[in-house]
Amino acid sequence: MTHRILLRAGHVLSMDPVIGDLPRGDVLVEDGRIAAVEPEISADAEVLDMSGRILIPGFVDTHRHTWEAPIRGVAPDATLDDYFVDILDTFAPLYTPDDVYAGNLAGALECLNAGITTLVDWSHINNTPEHPDAAIQALAESGIRAQYAYGSANTSLADYWFESRIAIPADDVRRIRSAHFASGEGLLTMALATRGPGFCVDEVVTAEWALARELGLPITVHVAMGRLAGRFGMVKRLHGLGLLGPDTTYVHCCYLSEEEWRMVADSGGTVSIAPQVETQMGHGWPPVMQAIEHGLRPSLSIDVVTTVPGDMFTQIRAAFGAERARVNADCWQANMPVPDTMLTARQMLEIATVNGAHVAGLEDRTGSLTPGKRADIVAIDATAPNVAPVHDAAAAVTLCADVSNVDTVLVDGVIRKRDGRLLADTARALRLVEESRDRLLAAKEEKEAKATA
Ligand SMILES: [Zn+2]
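All values reported here derive from a predicted model rather than from experimental measurement. Every residue gets a number counted from 1 within its own chain, in the order that chain's sequence is written. Per-residue local features of the predicted model are confined to residues with pLDDT of at least 70, and side-chain atom pairs are confined, for both listing and counting, to 80 or more; whole-chain, interface and lining totals are unaffected and use all residues. Note: side-chain values were computed over all heavy atoms of the structure, leaving out hydrogens and water.

### Some details on the domain arrangement of the chain
Note: domain ranges come from an automatic or database domain assignment. Domain boundaries assigned for the chain yield domain 1 (4-57 + 367-422) and domain 2 (59-359). Averaged C-alpha coordinates put domain 1 and domain 2 at centres separated by 28 Å. By definition, residues are in contact when any of their heavy atoms lie within 4.5 Å. Opposite the 28 residues of domain 1 that make contact, domain 2 presents 26 residues. Criterion for a salt bridge: a side-chain nitrogen of Lys or Arg within 4 Å of a carboxyl oxygen of Asp or Glu. Summed over the shared surface of domain 1 and domain 2, the number is three salt bridges. For this analysis, a polar contact is any N or O atom pair within 3.5 Å, provided that within protein one partner can donate a hydrogen and the other can accept it, and provided that sequence-adjacent residues contribute only side-chain to side-chain pairs. At the junction of domain 1 and domain 2, the tally comes to eight residue pairs in polar contact (both at pLDDT 80 or more). Labels follow the DSSP assignment, with helices taken as runs of H or I lasting at least four residues and strands as runs of E lasting at least two, numbered in each case from the N terminus. Secondary structure elements with two or more residues in the side of domain 1 that touches domain 2: β5 (53-57), β14 (377-381), α14 (393-400), β15 (406-411) and β16 (414-418). Per element, the largest residue contribution to the side of domain 1 that touches domain 2 is six residues, and it comes from α14. All amino acids are sorted into three groups, where Ala, Val, Leu, Ile, Met, Phe, Trp, Tyr, Cys and Pro are nonpolar, Asp, Glu, Lys and Arg are charged, and the leftover types, Gly among them, are polar. Partitioned by chemical class, the residues of the side of domain 1 that touches domain 2 number 18 nonpolar, three polar and seven charged.

### Structural notes on the sheet that holds strand β7 (residues 116-123)
Strand pairing in a sheet relies on backbone hydrogen bonds, with the paired strands running either antiparallel or parallel. Reading across from one edge, β6-β7-β8-β9-β10-β11-β12-β13 is the order of the eight strands in this open sheet, with parallel pairing throughout. Edge positions in the sheet fall to β6 (59-64) and β13 (299-300), since each has one partner strand and no second. When DSSP finds at least two bridges between two strands, those strands are taken to pair. Alignment of strand β9 (residues 188-194) against strand β10 (residues 219-223), held across three bridges, turns out to be parallel. Bridge pairing in β10 links L192 to I219. To get an axis, a line is fitted to the C-alpha atoms, and for a helix only the part in contact is used. The angle between two axes follows their N-to-C directions and goes from 0 to 180 degrees. On the sheet, helix α6 (residues 202-215) packs against β9, β10 and β11 (248-252) and is oriented at approximately 165° with respect to β9.

### Details of the side chain of D172
Mapped onto the elements of the fold, D172 is located in helix α5 (residues 170-180). There is a polar contact of 2.6 Å between the side chain of D172 and the side chain of R175. Contacts of D172, omitting those with residues within four sequence positions, involve P129, P132 and Y150.

### Section: the coordination of the zinc ion
Listed donor atoms are N, O and S within 2.8 Å of the metal (Na, K and Ca: 3.2 Å). As water is not included, a site may look incomplete. Here the zinc ion is held by H63 (NE2), H65 (NE2), H222 (NE2) and D303 (OD), and the distances to it run 2.1 to 2.4 Å. Four donors are marked tetrahedral only if all angles between them lie between 85 and 135 degrees, whereas four are marked square planar and six octahedral if opposite donors are more than 155 degrees apart and the other angles lie between 65 and 115; the remainder are marked irregular. Around the zinc ion sit four donor atoms; with metal-centred angles ranging over 82 to 172°, the donor geometry is irregular. Taken in sequence order, the residues that donate to the zinc ion follow the motif H-x1-H-x156-H-x80-D. Of the two residues, H65 is situated in the loop between β6 and α1 (80-91) and H222 in strand β10; the sequence distance between them amounts to 157 residues. Its relative accessible area of 3% is what places H65 among the buried residues. Burial classification: accessible surface area is computed with a 1.4 Å probe over protein chains only, and a residue below 20% of its type maximum counts as buried, one above 50% as exposed, and the rest as partly exposed. Here H222 falls in the buried class, since its relative accessible area comes to 7%.

### Observations concerning the pairing of strand β1 (residues 4-13)
Most of β1 is tucked away: seven of the ten residues are buried. One ladder, built from seven bridges, connects β1 with strand β2 (residues 21-30); its direction is antiparallel. Across the sheet, the residue bridging to R4 is E30, located in β2. Pairing of β1 with strand β4 (residues 46-49) involves four bridges; the strand directions are parallel. Bridge pairing in β4 places I5 opposite E46. Sheet topology note: the β1/β5 ladder contains two bridges and is parallel. Its bridge partner being in β5, H11 is matched across the sheet by I54.

### So, helix α2 (residues 97-113)
When the terminal C-alpha atoms of α2 are compared, their 24 Å separation across 17 residues agrees well with the 24 Å that a helix rising 1.5 Å per residue should span. A large share of α2 lies buried, amounting to 14 of its 17 residues. After α2 finishes, the residue G115 shows a positive phi value of roughly 85°. What a helix is expected to span follows from its residue count: subtract one and scale by 1.5 Å.

Right, dumping it as structure tokens:
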């Protein structure tokens, strides 16, 4: 029997250019799929009253190291250089599969609670073959839509960065792919999270890119950020190795040269920008307008909860503020009026939803409220004191709302949050992530005691 859910009388921001906005609209979901988006629908269905709610497609986070949830907030003042030492060299080597499980479960539930329905899990914590299984199990149990990006082991900074010779284990990538992702359907898909030129030697880069292409896995790689990698010319080096392609997402991109921007655009690559991290930790200016000016459709990502908040509202505001600050400062210097091509509040919603789906390679199934796509839908409470009264619904979401206003969340047509309450065993997730925190801190102390003994 067909299972129908009717979201009734919301203010629909479909992010589909054909459907547009419906100030009073209904969304019909049939067996997890969006069946119709119209001003009024009558159907024999479970009805969710959406009056006073703004309906948007779920946010898409295109790069998060979800495993870091147990060490949330541990490095509040870190620069990127500090982060390599404090997180990748200190905590990452201590991670057990249980820590990865706890981090991914708590991190994925955090996403759902905040209206992020699709997550690219950039998982460079595969210290043993049990680590990827634990990460994937937690993602599956949470009910989120996720692209699991299989990354390297992280057993020491020397192994991980700086002309590393250690490659992602091809046999284990093949095992994980056939064990969990054989169909390419369902909520979980797979990618390869590679380090790229400068962080590992060219033979490793070439082997990892070849592995991804042999298996048809999209590639995600950090480029052009911070004091070190900002000078590597990573995209140019990838071009030199003949490896650029439309299957690759470039994360950060703060210091890409003009030539490199053209290389990314011409090769059909995609871009993920983590604005709060980039402004706060020294990666560089979030290059939202640069990406747009090169014909790209940039997306947003959270990156690390060790140092920044884990929600999309923060990213939206960080990108919007930083981009406009940069343009305003340039115009002040030149004593010119600001251009009318300034980034808009509505563009930010597009960047956080449908652009994210494009970047994750999932635009055929999520990113907009379009009949035929899977039902990944978020309702924002527009009656809350920080949102009401609404003049411009897109701006109400991007500039007024926060996580406390995420009222209802559906992923693949399954209700994961209702009336502001997550429908999950949050007590268990909290217990596991706190136990993980305690275990990691104890292991860190033990390691430090040994080092000074
Ligand atoms: Zn990252």
